[in-house]
Amino acid sequence: QVRLVESGGGSAQVGGSLRLSCAASGPTDGYVYMGWFRQAPGKGREGVAVWRFNDGPAAYGDSVKGRFTISGDPTKGTVSLEMNVLKPEDNAMYYCVADNKPYLWEPESWKYWGQGTQVTVSS
């Protein structure tokens, strides 16, 4: 089985930065895509960043383009999300995701999900 564990969530000021990390355990051949979704209270899940390892650049949700950057090491099953210029609307539970053939921006298409890590942005 593939398990995903996020870390790095917490509190930051508006305009500040946080770095989230995700570590996958289990067989790395179970996925070639990894990414991040988030869910704010009362809202649906929103795609933040998705990436097919070693196959071009990552794709980002419109609300985070230019501010967030995804990176990772596929040989180790790790992925990170560097979050800069944080805004109040970035408050959400952030989930690491992984799969072999997801429909990238459709949450229900991703097989593996972490438990989530909370990000709180305050002014």
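Described in the following lines is the structure provided in the data block. (Residues numbered from 1 in each chain as written. Predicted model: local features only at pLDDT ≥ 70, side-chain atom pairs only at ≥ 80, totals over all residues. Heavy atoms only, no water.)

Some remarks on the overall build of the protein
As a reminder of what qualifies: Only DSSP runs of H or I covering at least 4 residues are called helices, and only runs of E covering at least 2 are called strands; the numbering of each starts at the N terminus. For a compact globule the rule gives 2.2 Å times the number of residues to the power 0.38, and the radius of gyration it is set against comes from C-alpha atoms. The contact rule is simple, with two residues in contact once any of their heavy atoms fall within 4.5 Å. Accessible areas in this description were obtained via Shrake-Rupley with a 1.4 Å probe; residue shielding takes into account the shown protein chains only. Counted charges follow a simple rule, with Lys and Arg positive, Asp and Glu negative, and His plus the chain ends left uncounted. Lysine's charge is taken at NZ, arginine's at CZ, aspartate's at CG and glutamate's at CD.
Helix and strand counts for the protein stand at zero helices and eleven strands. For the protein, the N- to C-terminal ordering of α and β elements is β-β-β-β-β-β-β-β-β-β-β. Taken over the C-alpha trace, the protein has a radius of gyration of 13 Å; the compact-globule value for 123 residues is 14 Å, and the two agree within 12%. Of all intrachain contacts in the protein linking residues separated by at least 6 positions in sequence, the fraction that spans at least 24 positions is 58%. As presented, the protein carries roughly 6,500 Å² of accessible surface, and 48% of it is formed by carbon and sulfur atoms. Computed over 12 positive and 12 negative side-chain charges, the inter-centroid distance for the protein is 1 Å.

Describing the nonpolar core
The criterion, for reference: Among buried residues, those of type Ala, Val, Leu, Ile, Met, Phe, Trp, Tyr and Cys that are joined through side-chain atoms within 4.5 Å constitute a nonpolar core. Type-normalised accessible area, obtained with a 1.4 Å probe on protein chains alone, sets the label of each residue: buried when under 20%, exposed when over 50%, and partly exposed for intermediate values.
Formed by 29 residues in total, the largest nonpolar core has its most connected members in Leu-4, Met-34, Trp-36, Leu-81, Met-83 and Tyr-94. If we ignore the near neighbours within four places in the chain, the residues touching Tyr-94 are Glu-6, Leu-20, Trp-36, Phe-37, Arg-38, Val-48, Phe-68, Leu-81, Met-83, Gly-116, Thr-117 and Val-119. Within the second largest apolar cluster, five residues are counted, among which are Phe-37, Val-50, Val-97 and Trp-110.

Here's the deal with unusual backbone geometry
Positive phi outside glycine occurs at Val-85, with the angle close to 50°. Mapped onto the elements of the fold, Val-85 is located in the loop between strand S8 (78–83) and strand S9 (92–99).

Quick word on the state of the cysteines
Heads up, the condition is: By convention in this document, the label disulfide applies to cysteine sulfur atom pairs within 2.5 Å.
The tally for this structure, following the rule as stated, stands at one disulfide. With a sulfur-sulfur separation of 2.1 Å, Cys-22 is cross-linked through a disulfide to Cys-96. With the S-S dihedral at roughly -85°, the linkage between Cys-22 and Cys-96 falls on the left-handed side. One end of the pair, Cys-22, is in strand S3 (residues 18–25); the other, Cys-96, is in strand S9, and 74 residues separate them in sequence. A relative accessible area of 3% places Cys-22 in the buried class.

Thoughts on the side chain of Asp-99
The condition that has to hold: Salt bridges, as used here, are contacts in which a Lys or Arg side-chain nitrogen is within 4 Å of a carboxyl oxygen on Asp or Glu. Any N or O atom pair separated by 3.5 Å or less is treated as a polar contact, with the protein-specific requirement of one donor-capable and one acceptor-capable atom, and with residues adjacent in sequence counted only for side-chain atom pairs.
Along the chain, the position of Asp-99 falls in strand S9. Although Asp-99 is buried, it makes no salt bridge; Lys-111 carries the closest opposite charge, 6.2 Å away. A polar atom in the side chain of Asp-99 sits 2.8 Å from the backbone nitrogen of Lys-111. Apart from residues lying up to four places away in sequence, Asp-99 is in contact with Gly-30, Tyr-31, Val-32, Tyr-33, Ser-109, Trp-110 and Lys-111.

Quick word on the pattern of salt bridges
In this structure the tally under the stated criterion is four salt bridges. The partner of Asp-90 in a salt bridge is Arg-38, and the shortest N-O contact between them spans 2.9 Å. Placement of the pair is Asp-90 in the loop between S8 and S9 and Arg-38 in strand S4 (residues 33–39), with a sequence separation of 52 residues. For the pair formed by Asp-90 and Arg-38, the shared burial category is buried. Measuring nitrogen to oxygen at the nearest pair gives 2.7 Å for the salt bridge that ties Arg-67 to Asp-90. Of this pair, Arg-67 sits in the loop between strand S6 (59–60) and strand S7 (68–73) while Asp-90 sits in the loop between S8 and S9; the two residues are 23 residues apart in sequence, bridging distant segments of the chain. Grouping residues by exposure puts Arg-67 and Asp-90 together as buried. One salt-bridge network, held together by shared partners, links Arg-38, Glu-46, Arg-67 and Asp-90.

In short, the description is geometric, and any link to function would need to be established separately.
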